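Spelled out, the chains give:
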Amino acid sequence: MTRAALLKESDLHRMAKIAKRDGVRVEVEVNGKIIRISPDIPEINKPARVDLQPEDFTSLAEWQAWRDQERAREAQRRS
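Here is a short report on the structure shown in this document.

About the thresholds
- Residues numbered from 1 in each chain as written.
- Predicted model: local features only at pLDDT ≥ 70, side-chain atom pairs only at ≥ 80, totals over all residues.
- Heavy atoms only, no water.
- Pairing = 2+ DSSP bridges.
- Helix = DSSP H or I, 4+ residues; strand = E, 2+ residues; numbered from the N terminus.
- Phe/Tyr/Trp six-rings, centres within 6.5 Å; stacked < 30°, edge-to-face > 60°.
- Buried < 20%, exposed > 50% of the residue type's maximum accessible area, 1.4 Å probe, protein only.
- Salt bridge = Lys/Arg side-chain N within 4 Å of Asp/Glu carboxyl O.

Focus: the pairing of strand β2 (residues 33-37)
In terms of strand pairing, strand β1 (residues 26-30) meets β2 through five bridges, oriented antiparallel. What sits directly across from V28, in β2, is I35. Linking two consecutive strands that pair antiparallel, namely β1 and β2, is a turn of two residues; a positive phi of about 55° is found at N31 within it.

Encoded structure:
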């Protein structure tokens, strides 16, 4: 027989939604155990992005990697 979960999945989803919406870490303590959910935090220590031009890339692979990163960032902004 399995032990009951500390939190229901629906509670975890609610906590994640609040963390993402408000940009805060959500904590709950259950039976002496702390459960934390943190939002995705963008890296603030990265150098400022520069608008790159096609001639700034030295290879096709470098451009493709940049394009994939840009598409991922755009998808994250939409979600």
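The structure having been displayed, the exposition proceeds.
As for the packing of aromatic side chains
Enumeration over the complete set of coordinates arrives at one aromatic pair. Ring geometry for F57 against W66: centres 5.4 Å apart, planes inclined by 50°, an arrangement best described as tilted. When its relative accessible area of 13% is taken as the criterion, F57 is described as buried.

Examining the environment of N31
Structurally, N31 can be placed in the loop between β1 and β2. Judged by its relative accessible area of 71%, N31 is exposed. A sequence separation of 25 residues divides N31 from L6, and the C-alpha atoms of the two residues are 8.1 Å apart.

Let's talk about the pattern of salt bridges
By the definition in use, this model includes eight salt bridges. Among the salt bridges present, the one from D11 reaches R14, with a minimum N-O distance of 2.7 Å. A residue pair is termed a helical-turn pair when its members lie 3 or 4 positions apart in one helix, as D11 and R14 do in helix α1 (residues 9-22) at three residues. Between E27 and R25 there is a salt bridge, with its nearest N and O atoms 3.4 Å apart. For E27, a relative accessible area of 42% corresponds to the partly exposed category. Of the residues examined, R25 reaches a relative accessible area of 52% and is grouped as exposed. Within this structure, R25, E27 and R36 form a network of salt bridges that share partners.

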